[in-house]
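Here is what each chain is made of, one letter per residue.
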Amino acid sequence: MSDTTDWKRLDGALSLGLSRQPLPPLAGAEGLDEPARALAVLTLLGQRARLAEPRGLQGLATGSRLPDDPRPMLDPKAREALLRLDRRLDAESRRRLAPLVLAAIGASGQRLHPFDLPNLDALLRQGGTALGPVERAWLGWTGASAPGASDPEGGAADRLGAFRQARRKDPAAAREALAFSLSSEPAKLRAELVGSLGVGLSPDDAQFLNTCLGDRAQSVREAATALLARLPGAPAYEDRLALARACLGVETKGLLRKIRRLTFKPPSGDRHAAATLFQGFGLSSLIDGLGFEPLELPEAAAGIQPALPLLARAALLDGEPALAAAFLTRLEDPVWPADLLRLPLDAQLLSGETRQTVLSASLTHEVRFDPLLEGFNLAEFLDGPMSRDLAERLIASQPWRRWLNDVIQLVVSSDRFDPDPVLLRAVAAMPWQVARAVTDALAAIPPARQPKTAAYLAFLARLAAPSKPSEPSETPVV
Amino acid sequence: MLTLAQVEAMAPDQSALAAASKLLKPSAWPLLARDAATSVVWGEAQGSGSAPYRLMFDPADRGHKCSCPSRKFPCKHVLAMMWQFAEHPDRFAVGEPEPWVAEWLSRRRPGSGRPAGKPADANAPAPSMAALDPAEVSPGDPASQAQAEAQAAQRRARAEAAREASVTAGLEALDVWIGDQLNTGLASFIQRAQTTCRTAAQRLVDVKAPGLAARLDALPGALLSRPEPLRPDFLLAELGRLHLISAAWRRREGLDPALVDDLRRSIGWSVRREDTLNDPTVPRWAGEWLVAGTRTVVQPDRLRRTETWLTTADPAAQAPRAAVLLDFTPVQVGAGEAIPAGELFNAELAFYPSSAPLRALVAVRGPALATRMAPQGGASLVEALAAHHARLAALPWLGDDLLVAGSGRIVEADGALWAVDPDTDRGLRLAVEQNRAASPLLGLTLSGLAGVWDGQILTLLSASTPHGPWFADS
């Protein structure tokens, strides 16, 4: 049986069926009847396969491996805390927390242990721009190797976030890169990418936006049209600006008529129409000609409550977060930070610093928290954890304490009240450095009533106090 | 309707009936139920263990099954349930069959139960409920006891002979079935695998060869789960292995006793744990054992098999390099407690007699010496495979085996991950299900690894890496 052709013929006969292709003669099996011979051949072939030498792979290996990352890996306790947290998260809270968790790990100067990547797959897919190089490489590897494993939504969010960042840094370069790749993107993402040109919009974008008017998707054409209408000098821009300015006026008060106040008269009395009308205009454009210095405006506008959020938004577009906060704090019943987040404003268009500044400036003693924090989406607004200073101010503030007492009262008074989603929304954007303080603040609520929040804070606390980072060069235990 | 006379007629012996009479209290039965449509009855009998035994009975053809380890058919639990059904049918709640009852029904060949009125031992006096008078058999009478034991031994020997004859006939039929598959052609086997394997497995259950039945039942799933290019060789190996067992059974008189033990276990003879532990002749090895990893498989018979793979901590130790502890639990009960992967402990293992000892029991276990350890050091991957081949030569139908190597790399090639011997660049393909879990190992130099080798595919259990120990189940 040294001739390999014999093996192939035998194999072929069993594969095709002996009724179609009888077995060739087999040395040593002459005395056997046909069924016994067939069974003997089957056994020989089977054992031959089981005794085969391992396959030589010279030159076949792809060389795939995860990139090096010199940062220390999470210590065993932090790894355990992270896996425990992930197991407790539902899809919605995972979506909310994933970028924050990954950003917190990065901010602590550490990285995920590569052996945990498969178990944290769902978390990583929601990680967005907070993913490190190793995690990105691993996700790419699994996406390429595992059919259906890639997440188009997650990829789109990544590309969108990356484009907005690039646009903030260098608007012209980002626009040119977009012009190169736009046609290959799906329609929904194309529309969002074009809409993102609102970051740093300038007349230089007009030519590209005009080409977008010929896009096959209506959503892209609409996004381009809206942006063209915001370009100074464009007829549509001038028309809108004139309408917006017409809503604002000046009145004088006091005995000497020296107190100047801003007036606001929405078109047709419709506040929502005004919100759309004001969109895209900076404060300086809107008040031009009214004779106010910007710093005088918050006081002058205090009497026109419906316009205050709109003016705050306009100030943000001018890059004046402190001025924006000054408008917000003049609301009669200020809710922090929901008033800001209820603005018709794409927070992603603002820089991280701007968002932090306006939040910090609008946190005053007078603000209150919504009891159940509905609409409280601080983490998404910040696109990462808040600054340590702001967090420390927040947990020391009266509004936070009042709100926390309200939640504790609800927990005590009703077993059916689930505080976990509320607390998680509140602590989601806390930086890891204040985890211990927040945990102490929540000590009155049993961990069993707040499993996700407790697991999240426990993980952040582990980041704050790593026991013994596992270095990349760590030798195996045995 | 079932009558007491029919129950008597089914009893294998008088003692089984006597034992059944002690189980008639309702408190011993957490569950008694019947299906109005088919008259099938089932129940749960509280035994000495934490989980009750599950049993069912089909009055239509007197078919029955019980999860207890009794070698009597029917056992005392089935007899007691039938007895109650005959006398107190009102104790049986009417309802839909439980999933485990439905599973049993689906696996049975209609009419496979033994007809009423034909006890297994035709020469023995017919068991009788009237004979249950305690005065008739005095437990304190040594002569009577000896006589009873001798009779019991005779009955066991006759039952054993009957089973062997049944298995012989069943394996001959198995060879015919394999021959039919060869005539039709293995290329088209996959299209008919599910149906034909299920039918053949049911026949093996009926001839009391449950081990082979389980193997055959699992064949279609195992075949489909592997990449297409590997399927032909896998099918050859599996069908060839079944024939090897069948052929060895016919020649068992001339085989080494250890190989006969292997053979009987492969076919489905169960060996009680206590018998192995109390047998002074079984091989035992004491030393430090490391849990290389665990695997859990749900078998077609709805039992969860938990495999705990052990390796000697010292590669140079004069002991088997590997051992596997097997635990079986009903799927509904939930997974039992396995020793965690990476635990190092002192233990004396008692190995089931075998020409290639692998399956073992923990006879004496000391405290854990360490946790989260992975194998390190020892032979190369190619040498480990050669050792497996030597074991395969000793036990030609050897199934899964543990490979332990002192070095290796994980690489991606030909659309799969491979564990590669760094000296020879020869590799063993990893299970495709492990692609994601094992991907962080890509490119790392491993200073030790352990995995279960099924002849084609390596299921990696643990490895020592520059990033620390890696475990498949963590």
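Rules and cut-offs
- Residues numbered from 1 in each chain as written.
- Chains lettered and ligands numbered in written order.
- Predicted model: local features only at pLDDT ≥ 70, side-chain atom pairs only at ≥ 80, totals over all residues.
- Heavy atoms only, no water.
- Helix = DSSP H or I, 4+ residues; strand = E, 2+ residues; numbered from the N terminus.
- Buried < 20%, exposed > 50% of the residue type's maximum accessible area, 1.4 Å probe, protein only.
- Contact = heavy atoms within 4.5 Å.
- Areas by Shrake-Rupley, 256 points an atom, 1.4 Å probe, with all protein chains shown as cover.
- Expected span 1.5 Å × (residues − 1).
- Arc of directions from axis to C-beta.
- Salt bridge = Lys/Arg side-chain N within 4 Å of Asp/Glu carboxyl O.
- Phe/Tyr/Trp six-rings, centres within 6.5 Å; stacked < 30°, edge-to-face > 60°.
- Pairing = 2+ DSSP bridges.
- Axes fitted to C-alpha atoms, helices over the stretch in contact; angles between N-to-C directions.
- Buried area = accessible area lost by both parts, 1.4 Å probe.
- Nonpolar A, V, L, I, M, F, W, Y, C, P; charged D, E, K, R; others polar.
- Core = buried A, V, L, I, M, F, W, Y, C linked by side-chain atoms within 4.5 Å.
- Parallel < 35°, antiparallel > 145°, perpendicular 65-115°, else oblique.
- Bend = angle between axes of the 7 residues up to and from the residue.
- Left-handed = near helix turned anticlockwise from the far one by under 90°.

*Asks:* Looking at this structure, how should I read the overall build of chain A?
*Replies:* Looking only at helices and strands, chain A features 25 helices and three strands. A burial count over chain A gives 47% of its 478 residues as buried. Restricting to contacts in chain A with at least 6 residues of sequence separation, those with at least 24 account for 69%. In the structure as shown, chain A presents an accessible area of about 22800 Å², 53% of it carried by carbon and sulfur atoms.

*Asks:* Please clarify how helix 11 (residues 381-394) of chain B should be interpreted in this entry.
*Replies:* Every α-helix winds through 3.6 residues per turn, so residues three or four apart in the chain are directed the same way. For helix 11 of chain B, built from 14 residues, the straight-helix expectation of 20 Å at 1.5 Å per residue is met to within 8% by its first-to-last C-alpha distance of 20 Å. Every buried residue of helix 11 of chain B is accounted for by B:L381, B:A384, B:L385, B:H388, B:H389 and B:L392. The arc that holds every buried residue of helix 11 of chain B, seen down its axis, measures 145°, which confines them to one face. On its buried face, helix 11 of chain B is in contact with helix 2 (34-50) of chain A together with strand 11 (401-405), strand 13 (416-420), strand 14 (426-429) and strand 16 (448-453) of chain B.

*Asks:* Where do I start with the pattern of salt bridges in this structure?
*Replies:* As a working rule, side chains carrying opposite charge can pair if their charged atoms are close by. All names here are of chain B. One pass over the full model with this rule turns up 38 salt bridges over all chains. Of the charged contacts in the structure, one is a salt bridge between E160 and R264, with a shortest N-O distance of 2.6 Å. Taken together, the residues E160 in helix 5 (residues 142-184) and R264 in helix 9 (residues 257-267) connect sequence positions 104 residues apart. Residue E160 is classed as partly exposed on the basis of its relative accessible area of 26%. Across the pair R264 and E164 runs a salt bridge, and its minimum N-O distance is 3.2 Å. One end of the pair, R264, is in helix 9; the other, E164, is in helix 5, and 100 residues separate them in sequence.

*Asks:* What am I meant to see in the packing of aromatic side chains here?
*Replies:* Centre distance and the angle of the planes are the two values used to describe a pair of aromatic rings. Residue and element names in this part refer to chain B. The tally for this structure, following the rule as stated, stands at eight aromatic pairs over all chains. Ring geometry for W177 and F189: centres 6.3 Å apart, planes at 75°, overall edge-to-face. A residue pair is termed long-range when its members are at least 10 positions apart, and W177 in helix 5 and F189 in helix 6 (residues 189-206) qualify at 12 residues. Look at W177 and you get buried, because its relative accessible area is 7%. By relative accessible area, F189 is classed as buried at 0%. Relative to F351, the ring of W285 has its centre 5.3 Å away and its plane inclined at 85°; by these criteria the two rings are edge-to-face. Placement of the pair is W285 in strand 6 (residues 284-298) and F351 in strand 9 (residues 344-351), with a sequence separation of 66 residues.

*Asks:* Is there a simple way to explain unusual backbone geometry in this structure?
*Replies:* One non-glycine residue, B:K208, adopts positive backbone phi at about 65°. Relative to the assigned elements, B:K208 resides in the loop between helix 6 and helix 7 (210-225).

*Asks:* Any chance you could explain the sheet that holds strand 5 (residues 93-94) of chain B here in plain terms?
*Replies:* Residue and element names in this part refer to chain B. A sheet is described by the order of its strands in space; here five strands give the open sequence 4-3-2-1-5, paired in mixed fashion. Strands at the two margins of the open sheet, each flanked by one partner only, are strand 4 (63-66) and strand 5. Bridging between strand 1 (residues 31-34) and strand 5 involves two bridges; their strand directions are parallel. Of the residues in strand 5, the one forming a bridge with R34 is V94. Helix 3 (residues 76-87) rests against strand 1, strand 2 (41-45), strand 3 (53-58) and strand 4 of the sheet, and its axis sits at about 55° to strand 3.

*Asks:* I tried to follow the interface of chain A and chain B on my own but got confused; where do I start?
*Replies:* It is common to report an interface's size as the accessible area lost on association of the parts. The interface is formed by 50 residues belonging to chain A together with 60 residues belonging to chain B. Between chain A and chain B the total buried area reaches about 4600 Å² when both faces are included, carbon and sulfur atoms providing 61% of it. The tally of links from chain A across to chain B stands at two salt bridges. Across the salt bridge formed by B:D414 and A:R55, the nearest N and O atoms sit 2.9 Å from each other. Of all the elements in the fold, those that place two or more residues in the side of chain A that touches chain B are helix 1 (4-16), helix 2, strand 1 (55-56), helix 5 (121-125) and helix 6 (133-145) of chain A. Among the elements that line the side of chain A that touches chain B, the one with the most residues is helix 2 of chain A, at nine residues. Residue composition of the side of chain A that touches chain B, by class: 27 nonpolar, 15 polar and eight charged.

*Asks:* How should I be thinking about the pairing of strand 13 of chain B in this particular structure?
*Replies:* Note on strand geometry: in a regular strand, side chains alternate between the two faces of the sheet. Residues and elements named next belong to chain B. Burial within strand 13 is extensive, with five of its five residues counted as buried. Burial along strand 13 is two-sided: A416, W418 and V420 and L417 and A419, pointing in opposite directions, are all buried. Where strand 12 (residues 408-413) and strand 13 come together, five bridges link them in antiparallel fashion. Residue I410 lies in a different strand from strand 13, and its bridge partner there is A419. Between strand 12 and the antiparallel strand that follows it, strand 13, lie two residues; D414 among them carries a positive phi value of about 55°. Note: strand 13 against strand 14, three bridges, orientation antiparallel. Bridge pairing in strand 14 links A419 to L428.

*Asks:* Is there a simple way to explain the sheet that holds strand 12 of chain B in this structure?
*Replies:* Neighbouring strands of a sheet are bound in pairs by backbone hydrogen bonds; such pairs are parallel or else antiparallel. Across the sheet, five strands lie side by side as 1(A)-14(B)-13(B)-12(B)-15(B); this open sheet has antiparallel pairing. Both outer strands of the open sheet, strand 1 of chain A together with strand 15 (445-446) of chain B, are each paired with one neighbouring strand and no more.

*Asks:* What am I meant to see in the nonpolar core here?
*Replies:* Buried together is how nonpolar side chains tend to be arranged in soluble globular proteins. Counting 124 residues, the largest nonpolar core has A:L82, A:F327, A:W400, A:M430 and A:F459 as its most contacted members. Each residue touching A:F327, except ones within four places of it in the same chain, is listed here: A:L283, A:L297, A:P298, A:A301, A:L308, A:L311, A:A312 and A:A315. Formed by 50 residues, the second largest nonpolar core is a distinct cluster that contains B:L186, B:F189, B:V207 and B:I245.

*Asks:* It is not clear to me how the packing of helix 21 (residues 388-396) of chain A against helix 22 (residues 398-413) of chain A should be interpreted in this structure. Could you clarify?
*Replies:* Between two packed helices, what matters for the description is the angle formed by their axes and the separation of those axes. All names here are of chain A. Relative orientation of the contacting elements helix 21 and helix 22 amounts to 55°, with a least axis distance of 5 Å. Judged by the angle between their axes, helix 21 and helix 22 are oblique. Side by side, helix 21 and helix 22 meet where L394, I395 and A396 of the first sit next to Q398, W400 and R401 of the second.

*Asks:* Explain the environment of B:T281 to me, please; I cannot follow it from the model alone.
*Replies:* Counting through the fold element by element, B:T281 comes out in the loop between helix 10 (273-278) and strand 6. The sequence separation of B:T281 and B:P353 amounts to 72 residues, and the corresponding C-alpha distance is 8.7 Å.

*Asks:* How do you make sense of helix 7 of chain B when you look at a structure like this?
*Replies:* All names here are of chain B. Counted at 1.5 Å a residue, the expected span for helix 7 with its 16 residues is 22 Å, and the 23 Å between its end C-alpha atoms agrees. Of all the bends in helix 7, the largest measures some 40° and sits at L219, one to four residues before the proline P220. For helix 7, every residue scored as buried is listed here: L212, A213, L216, D217, L219, P220 and L223.

*Asks:* Is there a simple way to explain the side chain of B:N435 in this structure?
*Replies:* Summarising the element assignment, B:N435 is placed in helix 12 (residues 435-438). By relative accessible area, which is 14% here, B:N435 ends up buried. Apart from the residues within four sequence positions on either side, B:N435 is in contact with A:W141 and B:L417.

*Asks:* When you look at the packing of helix 5 of chain B against helix 8 (residues 231-250) of chain B in this model, what are you seeing that I'm missing?
*Replies:* Residue and element names in this part refer to chain B. Interaxial distance between helix 5 and helix 8 falls to 10 Å at its minimum, and their mutual angle equals 140°. What the angle tells us is that helix 5 and helix 8 run oblique. Here the hand of the crossing between helix 5 and helix 8 comes out left-handed. Residue-level contacts link E164, V167, T168, L171, E172, L174, D175, W177 and I178 of helix 5 to L239, L242, H243, S246, W249 and R250 of helix 8. Taken together, the residues of the contact of helix 5 with helix 8 sort by class into eight nonpolar, three polar and four charged.

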